[in-house]
Structure formats: C-alpha cells, structure tokens
Amino acid sequence: METYNSLLTKQQFFFRTETTKDIAFRLEALQKLRTAIKTNEKVLMEALRADLNKSEFDAYTSEIGFVLEELRFTIKHLQSWVKPKKVKTPVTHIGSNSYIYSEPYGVALIIAPWNYPFQLAIAPLIGAIAAGNCAVIKPSELTPKTSEILEKLIGDIFPEEYISVIQGGVETSQALLDEKFDYIFFTGSVPVGKLIMEAAAKNLTPLTLELGGKSPCIVHKDANIKLAAKRIAWGKFTNAGQTCIAPDYLYVHQSIKDQFLQQLKEATIELYGQKPLDNMNFTRIVSERHFQRLCSFLDHGKLYMGGGGNQERLTIEPTVLTNVTWEDPIMQDEIFGPILPVLQYNELSEVFTGIHRHPKPLALYIFTENPTVQQKVLTSVSFGGGCVNDTVYHFVSPYLPFGGVGNSGIGAYHGKGNFNTFSHQKSVLKQTTLFDIPFRYPNVKNGLKKIKLFMK
Ligand code: NAD
C-alpha cells in the first residue's frame, strides 16, 4: 500500500525554507492560481458537466466564479491580514507591548467532497496559501473528471513540494491521514468527519470539519410568500439539492401552507421548466447508489409535485412531499437531493421542539416579516449560519465566516476567516529592558499587599 511519507517530507522541508512565508511569494501563488483558473475555465466547465451535468451558469456561479471572487478578495486584503496585530497591554505589564502574529501551521491536508468538487477543494487552498502553508489536496473520487483537471491545473503551476493533488478514494484518504500533517481541513459527511477527527487526534492535529446535516427552513404566517417560494425553490433545487446548506426540509405555518405550496410549484416551473427531466441543464445525481437512495424516499408521504426520475441519466425532478412526519425515512438523515419534505406547524414552539430533538443544523432559514419572530428563532436555535428571508446566500459573503456547530462542524472559513483558519494566532509580549517592575518577585517587601492593588 502506497504511503505519502516522502511527499510530506518534501513539503515539510520546503516549508522550513520559509519561502511560503514571504508575502510576495504568497501573492504570486494566489495570482498564478487565479490566472490558471481563468485559462482553464472551459475545461473545468466540461469536467463539471461530465461529472454532474452542471450547466455553464451553475459551474461558473457556484464553482469557478466563486473561487475567483475569493481569490480577488484575498489578494486585495492579504497585506493587511498578515501584519502582526497590536493589542492592548494591561497596566501590570507597563513598559511592554503586545502583539498577535498570524503564523502558518506548516503542511495542510485538504479533503474535499464531490458536490462542488472544484470550489470545495480550491476555496480552502486559497486560505492555506494566503496563510503561508504548503498543502496536499485529496479531491473526491466520485467526480473523476474534475479531480483530473484539478491535479493538472495545480501540477502545471506549483511544484509538488509546495502544493500537490493526490487523487484516490477512501484508502488514499486513509493513507494520507496516517501521516502527521500540521492542519487538516475536511469537508464531507458527518460519519466520515468523525473518522477524520479520530485520525487527527492520534497526532493532536488541529482541524476544521465542514460537515452536513438537516437544515430547516421555516416559513412563518406573515412571510412574503411569493418571494419566499422563489428563494426556497432556488436554494433547494440548485445542484439538484446536492448542497450542504440547501434547505433540507420545510416547516410551514398551517394557515399559509396551501398558498405557499402553490407558489413554490409556480416558482419551480419558472426556474426549471414544466418538464425538468427534459431540461438538459438540470444537475444530475452523483451516483446510482444516491439515485436509488433518493427514490426510496418517495414511498412515504404524499407527492405534491414532481416525483419523476430518469434512471439512465440519474436525474430526479424537483419534488415536494407533504404529509411527512419525523418518523419517515426521509427525515432520518440529510436528504442531499431534489426532494423537499414539508412539515406544518401552528406554534413556533413546535418548530423548536422538532429541531431541538436533532443535531445542530449547518444552516437555518426563517421567512417572516416580523422582527420579533426573527429574533426569537435566531436566539432559540443553535445552527452554523443562515439567512432571514433567504436561503444559501450567506455562503457567498466573504465577510461572513462559514461553518457548522456541533454535529454540523467545527471551525469556519471564507474571506478573512479562511486566512485565520490556516493560521496559528501567536501571542507575543515585547518587554522593555529599561526598567524592571519589582512586584512580581517573591522577595519584594510587602509584595502581596502591593500585588493585590493590581490583581483584585
Ligand atoms: P464523504 O464524507 O463521503 O467524503 C468526503 C471525502 O472524504 C472524499 O474525498 C472521500 O474520498 C473521503 N472519505 C470518504 N470516506 C472516508 C474514510 N472512511 N476515511 C477517510 N476519508 C474518507 O462526503 P461526500 O459524500 O463526498 O459529500 C457529501 C457530504 O458532504 C454531505 O454530508 C454534505 O452535507 C457534506 N458537505 C458539507 C459541506 C460544508 O461546507 N459544510 C460542503 C459540501 C458537502
């Protein structure tokens, strides 16, 4: 079985040359990456089409354009982020100054999933480079074309001792995890996240876990129904529901349920056509196994819309299921497909009870015009991040660090958060030698009395 010890040794050696810590080097690397992505735009789009039938629009907005924007933002702000940050110094430390230095961890391992196979491998890489690390990327084996382009694109611009892409499946991932990296950044499912944390624990390697789960979407009685329906249809059915932060299920207030569902149907037709299975731009399900898993959910609940599928092309229509309960199979795990189950409620307390019985979600969406209800939801429920009156959109702001909480993940990235994630915050006190305050020493007269004036 292959080991990656020699690759890691090469990267560790390169890191120790301190080349990657140079700001000009980091900026040049980010710029090179940006140019390579732009040059490879067409082949990337073809690969994403081959792997997941992503349309050019989807490939650009959610993968290529997204990382270009993250690169632009990082290049623009890096000079200010890398500066040691001067912080206050307490009076007990008079004469000294205090700083926080952001230092790279060393060699980072990035393990990526298949649903946004380019973005979720490159976005963390941007943080790793910006912070001055070397990196090894292990993309998903389920999107082989994109992984192939990734390997070539990175191999063309960076030497392997700096950044390297290792293709392979579970065994490759495990072999990489046997090595002692300085940081692990994992995006994927909750069960695998637990295995990654176990492997990291063996070496006490710090890590970020970007996981998934069931993200609720609440539509309250006073919501702007038409807009809510459109934004939910988009957030749920984009990428055929294979988005970690897609609304997993709906909680709709009973008094507006019929009206809302009608609007949801219209919005879905507007976005994806009367016959979504004939829409050649509708993303497909990643594998036969996932296709079968999703189809099995249709045996429970009542079909409100959709329900059709094409096994040969692995596509499933945008589907809405009503008469669903928490006991149904579709409510047991993250759905990760274009099927939206609808629960109804009368009182918000029922919603909170339902959500609280399950692990903390990665995202939550609340549609209401009432600020008190908004506030109540935001303070009562713990979740990774989310939106009021929208879905998914918080993900694309570089000013909002993105990540989960509890079972949906540990840590966050994007924008400065991405730089911070791949940096150790080193606290440093610079002391004066011009004088020496005596209180702290045990031989000072009335020392305890004097120290109590400062430490009380
Ligand atoms: P996954 O956990 O099956 O695989 C992710 C990566 O881990 C792949 O590269 C895979 O090769 C590797 N892997 C799989 N089994 C492994 C093992 N036993 N040991 C070591 N490595 C292993 O996830 P997936 O199916 O590719 O992606 C879907 C999941 O990812 C969903 O749960 C989704 O919610 C989550 N996700 C989360 C985010 C986020 O940002 N929080 C983004 C996208 C996807």
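Predicted, not measured: the structure shown is a model, and the values here were computed from it.

The rules we used
Residues numbered from 1 in each chain as written. Predicted model: local features only at pLDDT ≥ 70, side-chain atom pairs only at ≥ 80, totals over all residues. Heavy atoms only, no water. Helix = DSSP H or I, 4+ residues; strand = E, 2+ residues; numbered from the N terminus. Rg over C-alpha atoms; globule rule 2.2 N^0.38 Å. Buried < 20%, exposed > 50% of the residue type's maximum accessible area, 1.4 Å probe, protein only. Contact = heavy atoms within 4.5 Å. Areas by Shrake-Rupley, 256 points an atom, 1.4 Å probe, with all protein chains shown as cover. Lys, Arg positive; Asp, Glu negative; His and termini not counted. Charge placed at Lys NZ, Arg CZ, Asp CG, Glu CD. Core = buried A, V, L, I, M, F, W, Y, C linked by side-chain atoms within 4.5 Å. Domains from an automatic or database assignment. Phe/Tyr/Trp six-rings, centres within 6.5 Å; stacked < 30°, edge-to-face > 60°. Buried area = accessible area lost by both parts, 1.4 Å probe. Salt bridge = Lys/Arg side-chain N within 4 Å of Asp/Glu carboxyl O. Polar contact = N/O pair within 3.5 Å; in protein donor to acceptor, adjacent residues only side chain to side chain. Pairing = 2+ DSSP bridges. Axes fitted to C-alpha atoms, helices over the stretch in contact; angles between N-to-C directions. Near = heavy atom within 4 Å. Patch = residues over 30% accessible without salt bridge, like charges linked within 9 Å, V, L, I, M, F, W, Y side chains within 5 Å. Right-handed = clockwise from strand over helix to strand, strands pointing away.

The next subject is the overall build of the protein chain. The helix and strand inventory of the protein chain stands at 15 helices and 18 strands. Taking 23 Å as the expected radius of gyration for a compact globule of 456 residues, we find that the protein chain reaches 25 Å, a close match to that expectation. Its C-alpha atoms put the protein chain at 80 × 55 × 40 Å along the principal axes. Every one of the 456 residues in the protein chain was classed for burial, and the buried ones make up 53%. For the protein chain, contacts bridging at least 24 residues in sequence account for 72% of all contacts bridging at least 6. Counting every atom, the protein chain has about 21100 Å² of accessible surface; 54% of that belongs to carbon and sulfur. Across the protein chain, 48 positive and 44 negative side-chain charges occur, with their mean positions spaced 12 Å apart.

Looking now at the nonpolar core. In this structure, L33, I37 and F260 are the most contacted members of the largest nonpolar core, which totals 137 residues. If you tally residues by element for this core, the top one is helix α4 (residues 56–82), at 11 residues. Two domains each provide a minimum of three residues to this core, namely domain 1 (5–211 + 409–428) and domain 2 (216–403). The residues contacting L33, other than those within four sequence positions of it, are L71, I122, L125, I126, I129, L153, I154, I157 and F158.

Attention now goes to the packing of aromatic side chains. If you walk through the whole model with that rule in mind, you get 22 aromatic pairs. Taking 5.9 Å as the distance between ring centres and 70° as the angle between the ring planes, the aromatic pair formed by Y249 and Y251 counts as edge-to-face. You can call Y251 buried: its relative accessible area is 5%. Here Y249 and W326 contribute two aromatic rings whose centre-to-centre distance is 5.1 Å and whose plane-to-plane angle is 75°, an arrangement assigned as edge-to-face. Of this pair, Y249 sits in strand β9 (residues 249–253) while W326 sits in the loop between β13 (319–322) and β14 (339–345); the two residues are 77 residues apart in sequence, bridging distant segments of the chain. Classification of W326 as buried rests on a relative accessible area of 12%. Members of the aromatic cluster, joined through ring pairs, are F66, Y105, Y183, F185, F395, F402, Y413 and F422.

Another aspect to go through is the domain arrangement of the protein chain. Parsing the protein chain into structural domains produces domain 1 (5–211 + 409–428) and domain 2 (216–403). Relative placement of domain 1 and domain 2: their C-alpha centres are 30 Å apart. Every contact between the two is made by 23 residues of domain 1 and, on the other side, 22 residues of domain 2. Around 2000 Å² of area is buried between domain 1 and domain 2 when both sides are counted, 55% of it from carbon and sulfur atoms. Its largest share of buried area at the contact with domain 2, domain 1 owes to N53, W114 and H414, together 25% of the area lost on that side. Our count for the contact surface shared by domain 1 and domain 2 stands at zero salt bridges. If you look at where domain 1 meets domain 2, you find 13 residue pairs in polar contact (both at pLDDT 80 or more). Take the side of domain 1 that touches domain 2: its biggest share by element is four residues, from helix α3 (residues 41–52).

By the secondary structure assignment, S408 is in the loop between β16 (385–388) and β17 (409–410). Engagement of the side chain of S408 in a polar contact is seen with the backbone oxygen of V405, the distance being 2.8 Å. The contact partners of S408, leaving out residues within four places of it in the chain, are L209, E210, L211, G212, K360, P361 and L362.

For the rest of this paragraph, the subject is the sheet that holds β13. Within the open sheet, the seven strands sit side by side as β10-β13-β14-β9-β8-β15-β16. Their pairing is mixed. What marks the edges here is a single partner per strand, and that holds for β10 (302–305) and β16. Each strand axis lies, on average, 25° off the axis of its neighbour in the sheet, ignoring direction. Both β10 and β13 contribute to a ladder of three bridges, which runs antiparallel. Bridging from a neighbouring strand, K302 pairs with T322 of β13.

A separate point is the site of the ligand. Inspection of the region around the ligand gives 29 residues, with A112, K138, S189, L211 and E334 positioned closest. S189 has a polar side-chain atom sitting 2.7 Å from an oxygen atom of the ligand. Take E210: an N or O atom from its main chain is 3.5 Å from a nitrogen atom of the ligand. Within the complex, the protein chains bury 91% of what would otherwise be the 840 Å² of accessible surface of the ligand. Where the shell around the ligand is concerned, the elements lending two or more residues are α7 (170–177), β6 (183–187) and α8 (190–202).

Taken together, the side chains of V91, I94, L434, F435, L453, F454 and M455 present a nonpolar region at the surface, about 780 Å² in accessible area. Within the secondary structure, I94 is located in the loop between β1 (85–87) and β2 (97–104). Under the relative-accessibility criterion, I94 is labelled partly exposed at 47%.

For the rest of this paragraph, the subject is the pattern of salt bridges. Enumeration according to the criterion identifies 11 salt bridges in this entry. Of the charged contacts in the structure, one is a salt bridge between E160 and K10, with a shortest N-O distance of 2.4 Å. In this pair, E160 sits in the loop between α6 (144–157) and β5 (163–165) while K10 sits in helix α1 (residues 5–16), placing the two residues 150 residues apart along the sequence. Classification of E160 by relative accessible area gives partly exposed; the value is 37%. E63 serves as the salt-bridge partner of K54, at 2.6 Å between the closest nitrogen and oxygen. Assigned by exposure class, K54 and E63 land together as buried.

All right, on to the pairing of β16 then. Residues G385 and C387 point to one face of β16 and are all buried, whereas G386 and V388, pointing to the other face, are not buried. Across four bridges, the pairing between strand β15 (residues 363–367) and β16 is parallel. When the bridges of β16 are listed, I366 appears paired with V388. This β-α-β element, β15 to helix α13 (residues 371–380) to β16, shows right-handed connectivity.

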